[in-house]
Amino acid sequence: MTGGHRRILVVEDDPETAGQLVESLTTSGYQVDLAASGNEALSRCAAGDYAVITMDRMLPDIDGIAVMRQLRDDGIAAPVLIVSALGEVDDRVRGLRAGGDDYLVKPFSFVELLARIEALGRRSDTIVKETILRVGDLAIDLVSRTASRRGNDIFLFPREFQLLEYLVRNEGRVVSRAMLLQHVWDLHFDPSTNIIDVYVGRVRRKVDGLQAYPLIHTVRGVGYSLRAPG
Amino acid sequence: MSGTLFVLLAKTLTSSTFRQALIAIAAFGMIASALFSYVFLSTSSYVRSRSDRGIMTEYSSLRSEYERSGRDGLIAQIQQRIADGNIANNVYMLADSSLAALAGNLREWPPTTTAAGGWIEFRASEATPNAASRPLVRAMLQTFPSGDHLLVGRDISDLDSFADQIKTAMISVAGLLLVIAGVASVLVTRRTVGRIESINATSRAIMQSGLDQRIPLRGTHDEWDRVAENLNLMLDRIETLMGEVRQVSDNVAHDLRTPLTRMRGRLEKAYHAQRIGGDDQALIGDTIADLDAVLRIFSSLTRIAQIGTQARKGAFRTVNLVEIAGEVVELYDAAAEQEGTRLTVVGDREVLVTGDRDLIFDAIANLVDNAIKHGGTGGQVVVANENIDGRPVISIADDGPGIPAHEYEQVFKRFYRLEHSRYTPGNGLGLSLVAAVARLHGARIEMLDNLPGLKLKLWFSAPIR
């Protein structure tokens, strides 16, 4: 996908979960190292340069967040994805997003994990400064907050535009429902209904209805992906 | 400060201890006044009967003088007595049948209805030597067979003022006793109310913010300290038990979560494997979907439990209900459109509460979700934000079939489903979450018949500024 190195450090103490993580990430084309404790994570980070670090919140020796602090103090800037049990999602975990890091609540789907890692890894890439983003025949104007396909304006509510913008910015990548909730609505929980699907459905009708080809695709069991054909 | 004093005083005056003290004071006061009245009445009647006996003796002696020596003898006798300074308090008068004075120290016959004879009391028309003002006279009068009238009496002004003195003394003592008893009962009650208030305040704080607080002891080792000690012991027990329960459920949660994560991982791997056929893939896909449903119930339960521990109060800040409601409505706009439901926000522009935005959002979202689902196709759902008497209130109303009143309480139980909604999607945890969020925020839930439909109101407490 986008350039840059693709080395990932997985910090996880449960051997089977760790094994599954390593396998899924390797299949997706990442180079994966494994650390089973906080101290091991610290020494591995000192030796290697990682694109993303996934870290279990509950480690046998040091709290995942504390390990992350230590890494920052050591001058290691790689984005961290904290994997946390729901009961451990507190203010410190929720505050991660502000610092450019992310968190994921257990149990998670690996597709969701991959989507998060993709999004985190991209952060270190170049930031696009354009005011008009294009995917296929769709153009969205970030200044006037309008969207059009083949020159025909699409009427969108502000929130719908935000949703479309987020999908466009993550063109070709899988965006999970939870990611949409977090980035478009700033919600850190799952409303446990199909409300997001209904909402995306409406945006999809506006964007893809009566068009030559669809742009918004459903990714079964995970979320959505916006991409041009071919 | 004067406000709290006023409140304490008001609580003192309305407390049951004070009421009982008032009843006791009233009973005590009645007995005391009965006793004082008895003493007063018997004293004054004793004094009066003594003076009456004196008058009687004097009268009998004069009457015998009249019978012995006739009118002239009596006149001489009366004049002699008046001249005697020792009995200056005595009043005499002898008058003829036309009531013209013959002898005595009264200027005129008193106005009287007692024609034949008997006791009278009157104010003499002139001052006697011993009294400055017109003296009060009690006298016996009698008409002799010859038609002459004899009056023998005594100036009882002193007697009267003596009775007045006793009366004044008794009333002042009774009044003083009542005042002292009243003040004492206010002081005692205030002390009691003060202690009970401190116990009440701690109890309220414990209900609102958690089990870590204890009722302060005064170190006086009195009955209040013993009550506080016992309540504190009880709180210790409850805290230990709650901790144990939480520990157990945390362990269960953790122990379940890990194998579930693995299970889902394996299924996903199998789902994406190349070698399996379409049927098997569909089977695995359905299993993953079911597992996800289990996980969602599981995380809802964990979430409700987590809200229950009140750990999130640290994240409380002032938020505008109107903004949150607006965002919820925006999120559910598409779902309402799909159902053909009209979803609107009405009310004030700013309704501030102190709370956790995510949780309030979740609660309102659940209520709006329910209203859209149960309101039925083509219905109307109204979200209203108001400040009612300084309290922030949000209400969510639909015009669907509603809920029978006897089930109002039930719907907040975990996994509770109404009979007719058993086959609609949902897990029966939504309202439990709303209840947990309301509890955390100290908000009261009120359910009303919207005629038709259901109106659910959340009464928050006024925001902390």
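Scope of this entry: the structure provided in the associated data block.

1. Considering the overall build of chain B
At step 1: A tally of regular secondary structure across chain B gives eight helices and twelve strands.
At step 2: In chain B, which comprises 465 residues, the proportion classed as buried is 24%.
At step 3: In chain B, once contacts between residues fewer than 6 apart in sequence are set aside, the share between residues at least 24 apart is 62%.

2. A closer look at the overall build of chain A
At step 1: When you go through chain A residue by residue, the secondary structure sums to eight helices and twelve strands.
At step 2: At a minimum sequence separation of 6, the contacts of chain A that also span at least 24 residues come to 56%.

3. What to know about the sheet that holds strand E1 (residues 90-95) of chain B
Residue and element names in this part refer to chain B.
At step 1: One open sheet holds the five strands; their spatial order is E2-E1-E5-E4-E3, and the pairing between them is antiparallel. The sheet is open, and its two borders are formed by strand E2 (101-104) and strand E3 (117-123), each paired with just one other strand. Across the sheet, the mean angle separating the axes of adjacent strands is 20 degrees when strand polarity is ignored.
At step 2: Pairing of E1 with E2 involves three bridges; the strand directions are antiparallel. By the bridge assignment for E2, methionine 93 is matched with glycine 104.

4. Quick look at the sheet that holds strand E3 (residues 52-56) of chain A
All names here are of chain A.
At step 1: The strand order across the open sheet formed by five strands is E2-E1-E3-E4-E5, and the pairing between neighbours is parallel. Two strands in the sheet have a free side with no partner beyond their single neighbour: strand E2 (31-35) and strand E5 (102-106). Strand after strand, the sheet turns through a mean of 20 degrees between neighbouring axes, direction not considered.
At step 2: As paired strands, strand E1 (residues 7-11) and E2 are joined by five bridges and run parallel to one another. Bridge assignment links arginine 7 to a residue of E2, and that residue is glutamine 31.
At step 3: Across the sheet, helix H1 (residues 15-27) is in contact with E1 and E2; its angle to E2 comes to roughly 165 degrees.

5. Observations regarding the packing of helix H7 (residues 357-375) of chain B against helix H8 (residues 430-440) of chain B
Residues and elements named next belong to chain B.
At step 1: Two elements in contact, H7 and H8, have axes separated by 9 Å at closest approach and are oriented at 145 degrees. Considering how the two elements wind past one another, H7 and H8 form a crossing that is left-handed. Contacts from Leu359, Ile360, Asp362, Ala363, Asn366, Leu367, Asp369 and Asn370 of H7 reach H8 at Gly430, Leu433, Val434, Val437, Ala438 and Leu440.
At step 2: A breakdown of the residues in the contact of H7 with H8 according to their chemical character gives nine nonpolar, three polar and two charged.

6. Let's talk about the pairing of strand E6 (residues 132-135) of chain A
Successive side chains on a regular strand alternate, one facing one side of the sheet and the next facing the other.
All names here are of chain A.
At step 1: Bridging between E6 and strand E7 (residues 138-141) involves four bridges; their strand directions are antiparallel. Across the sheet, residue arginine 134 finds its bridge partner in E7, namely alanine 139.
At step 2: Here E6 hands over to E7 after two residues, with glycine 136 in that stretch at a positive phi of 60 degrees.

7. Remarks on the nonpolar core
Where a protein is soluble and globular, its nonpolar side chains tend to be buried together.
At step 1: Judged by nonpolar contacts, the single largest core of 105 residues is most densely connected at Met55(A), Leu81(A), Ile364(B), Val368(B) and Val437(B).
At step 2: Not counting chain neighbours up to four residues away, the residues in contact with Val368(B) comprise Val328(B), Val329(B), Tyr332(B), Val381(B), Val383(B) and Ile396(B).
At step 3: Among the nonpolar cores identified, the runner-up in size contains 20 residues, and Tyr66(B), Ala124(B), Leu150(B) and Leu151(B) belong to it.

8. Quick look at the environment of Ala46(A)
At step 1: Relative to the assigned elements, Ala46(A) resides in helix H2 (residues 38-47).
At step 2: Judged by local crowding, Ala46(A) falls into the exposed class, with 11 C-beta atoms found within 10 Å.

9. So, helix H7 (residues 177-184) of chain A
In an α-helix, one turn spans 3.6 residues; hence positions three or four apart end up facing the same way.
At step 1: Among the residues making up H7(A), those that are buried are Ala178(A), Met179(A), Leu180(A) and Val184(A).
At step 2: One or two positions beyond H7(A), positive phi appears at Asp186(A), with a value near 55 degrees.

10. Notes on the pairing of E1(B)
Residue and element names in this part refer to chain B.
At step 1: For E1, the tally of buried residues reaches six of six residues, placing the bulk of the element in the interior.
At step 2: Going residue by residue along E1, you find Asn90, Tyr92 and Leu94 tucked away on one face and Val91, Met93 and Ala95 tucked away on the opposite face as well.
At step 3: Of the pairings in the sheet, the one linking E1 to strand E5 (residues 149-155) comprises six bridges and is antiparallel in character. Counterpart to valine 91 in the pairing with E5 is glycine 153.

11. Overview of the environment of Ser97(B)
All names here are of chain B.
At step 1: Structurally, the position occupied by serine 97 is in the loop between E1 and E2.
At step 2: Exposure remark for serine 97: the 11 C-beta atoms within 10 Å place this residue in the exposed category.
At step 3: C-alpha of serine 97 to C-alpha of phenylalanine 144: the two residues are 47 residues apart in sequence and 9.4 Å apart in space.
At step 4: Beyond its immediate stretch of four places on either side in the chain, serine 97 contacts Gly147 and Asp148.

12. Things to note about the environment of Leu458(B)
Residue and element names in this part refer to chain B.
At step 1: Examined against the element boundaries, leucine 458 turns out to sit in strand E12 (residues 454-459).
At step 2: For leucine 458, a count of 23 C-beta atoms within 10 Å translates into the label buried.
At step 3: With 94 residues separating them along the chain, leucine 458 and isoleucine 364 place their C-alpha atoms 9.5 Å apart.
At step 4: In this structure leucine 458 touches Val393, Ile394, Ala438, Ala443 and Ile445, once residues within four positions along its chain are discounted.

13. Focus on the packing of helix H6 (residues 158-169) of chain A against H7(A)
Residue and element names in this part refer to chain A.
At step 1: Put simply, H6 and H7 touch, their axes get as near as 10 Å, and they point 125 degrees apart. One way to sum up the angle between H6 and H7 is to call them oblique. Where H6 crosses over H7, the handedness of that crossing is right-handed. Facing H6, whose interface residues are Arg159, Gln162, Leu163 and Tyr166, H7 presents Leu180, His183 and Val184.
At step 2: Of the residues belonging to the contact of H6 with H7, the class tally is four nonpolar, two polar and one charged.

14. Here's the deal with unusual backbone geometry
At step 1: Residues Leu451(B) and Pro452(B) are joined by a peptide bond in cis, for which omega reads -5 degrees.
At step 2: For Arg145(A), which is not a glycine, the phi torsion comes out positive at approximately 55 degrees.
At step 3: Overall, the presence of 12 C-beta atoms within 10 Å leaves Arg145(A) in the exposed class.
At step 4: If you check the backbone angles, Leu210(A) has positive phi at about 60 degrees while not being a glycine.
At step 5: On the secondary structure map, Leu210(A) appears in the loop between helix H8 (195-208) and strand E11 (216-219).
At step 6: Judged by the 7 C-beta atoms lying within 10 Å of it, Leu210(A) falls in the exposed class.

The rules we used
Residues numbered from 1 in each chain as written. Chains lettered and ligands numbered in written order. Predicted model: local features only at pLDDT ≥ 70, side-chain atom pairs only at ≥ 80, totals over all residues. Helix = DSSP H or I, 4+ residues; strand = E, 2+ residues; numbered from the N terminus. Buried ≥ 20, exposed ≤ 12 C-beta atoms within 10 Å, placed from the backbone. Contact = placed C-beta atoms within 7 Å. Pairing = 2+ DSSP bridges. Axes fitted to C-alpha atoms, helices over the stretch in contact; angles between N-to-C directions. Left-handed = near helix turned anticlockwise from the far one by under 90°. Nonpolar A, V, L, I, M, F, W, Y, C, P; charged D, E, K, R; others polar. Core = buried A, V, L, I, M, F, W, Y, C linked by C-beta atoms within 7 Å. Parallel < 35°, antiparallel > 145°, perpendicular 65-115°, else oblique.

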